[in-house]
Amino acid sequence: MGTQNQSQAAPGACAAFARFVICGGGVGLASSFAVAALAARIPWILANLLITLLSTLLATELHARFTFGAGGRASRSQHAQSAGSAAAAYAVTCAAMLALHLLVVTPGAMVEQAVYLTASALTGVARFAVLRVVVFARHRSQVAAIARPSHGTVAHAGVPAGLAELCRAA
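What you see is a predicted model, and the numbers here were worked out from it, not measured in a lab.

A. Examining the pattern of salt bridges more closely. In the structure shown here, the tally under the stated rule is 2 salt bridges. In this structure, E61 engages R65 in a salt bridge whose closest nitrogen and oxygen atoms are separated by 3.3 Å. With E61 and R65 both in helix 3 (residues 44-67) and 4 residues apart, this pair spans about one turn of that helix. A residue is classified by how much of its surface remains accessible, and R65, at 38% relative accessible area, is partly exposed. For E61, the salt bridge identified is with R73, shortest N-O distance 3.7 Å. Of the two residues, E61 sits in helix 3 while R73 sits in the loop between helix 3 and helix 4 (76-103), which places them 12 residues apart along the sequence. Note on R73: relative accessible area 63%, which makes it exposed.

Have a look at this one:
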């Protein structure tokens with residue numbers, strides 16, 4: 001089982017983005033409803049924090065296993081790095097909701113959901129780049145080194161695997 005996972009090539013940028021949208025978007029959509037439901041019982045900012053923590057753990061596992069071709073569980077380091085990008089996303093969603101409530105005294109649930117999901121989607125694009133180029137890049141380069149036989153070629157040591165792959169895909 002481990003050998004098969006290690007020999008799988010990392011998906012290209014487009015395939016990884018499609019998987020990211022399915023996994024991360026699905027978790028994000030479910031999270032938006034969970035935040036709204038929980039916010040009926042506790043302050044919104046706390047509901048968003050709790051759901052962000054739980055959804056980040058789940059999404060990081062999904063991204064490690066499916067999105068970025070790691071083929072296994074996310075490491076503690078990957079969870080920590082993913083949490084950093086999720087903290088930035090949390091700040092953006094909170095700022096978006098604060099701005100909404102400053103502009104509209106009593107926004108309806110649909111407006112709140114639209115603002116929350118828009119902020120989440122925008123930060124999601126940035127998170128994709130961070131996760132692909134930083135968080136899961138080292139693992140992908142290790143998998144590529146295992147899967148690719150050495151024929152005396154020189155690797156570009158200064159270029160992260162994710163960055164080189166993004167450039168080829170463009």
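On we go from here.
B. Structural view of the layout of surface pockets. Each pocket or cavity is described by its volume, and for the second largest pocket that value is around 520 Å³. Taken together, 28 residues form the lining of the second largest pocket, with G24, G28, S120, G124 and R127 sitting closest to its centre. When residues of the lining of the second largest pocket are traced back to their parent elements, those giving at least two are helix 2 (13-39), helix 3, helix 4 and helix 5 (109-135). Here the residues of the lining of the second largest pocket sort into 14 nonpolar, 13 polar and 1 charged.

C. Structural detail: helix 4. An ideal rise of 1.5 Å per residue puts 40 Å on 28 residues; helix 4 measures up with 40 Å between its terminal C-alpha atoms. Those residues of helix 4 not exposed but buried are Q78, H79, S82, S85, A86, A89, Y90, T93, C94, M97 and L100.

D. Structural view of the packing of helix 4 against helix 5. Interaxial distance between helix 4 and helix 5 falls to 9 Å at its minimum, and their mutual angle equals 155°. Relative to helix 5, the element helix 4 lies roughly antiparallel. Between helix 4 and helix 5 the crossing geometry is right-handed. Contact with helix 4, carried on its side by Q78, Q81, S82, S85, A86, A89, V92, T93, A96, M97, L100 and H101, involves V111, E112, V115, Y116, A119, S120, T123, R127, V130, L131, V134 and V135 of helix 5 and no other residues of that element. Its residues placed into classes, the contact of helix 4 with helix 5 shows 14 nonpolar, 8 polar and 2 charged.

Basis of the calculations
Residues numbered from 1 in each chain as written. Predicted model: local features only at pLDDT ≥ 70, side-chain atom pairs only at ≥ 80, totals over all residues. Heavy atoms only, no water. Salt bridge = Lys/Arg side-chain N within 4 Å of Asp/Glu carboxyl O. Helix = DSSP H or I, 4+ residues; strand = E, 2+ residues; numbered from the N terminus. Buried < 20%, exposed > 50% of the residue type's maximum accessible area, 1.4 Å probe, protein only. 1 Å grid on protein atoms, 1.4 Å probe; cavity = no way out; pocket = protein on both sides within 12 Å on 5 of 7 lines; lining within 4 Å. Points joined across faces, edges and corners; volume = space filled by probe spheres on them. Nonpolar A, V, L, I, M, F, W, Y, C, P; charged D, E, K, R; others polar. Expected span 1.5 Å × (residues − 1). Axes fitted to C-alpha atoms, helices over the stretch in contact; angles between N-to-C directions. Parallel < 35°, antiparallel > 145°, perpendicular 65-115°, else oblique. Left-handed = near helix turned anticlockwise from the far one by under 90°. Contact = heavy atoms within 4.5 Å.

Keep in mind these numbers describe shape, not what the thing actually does.
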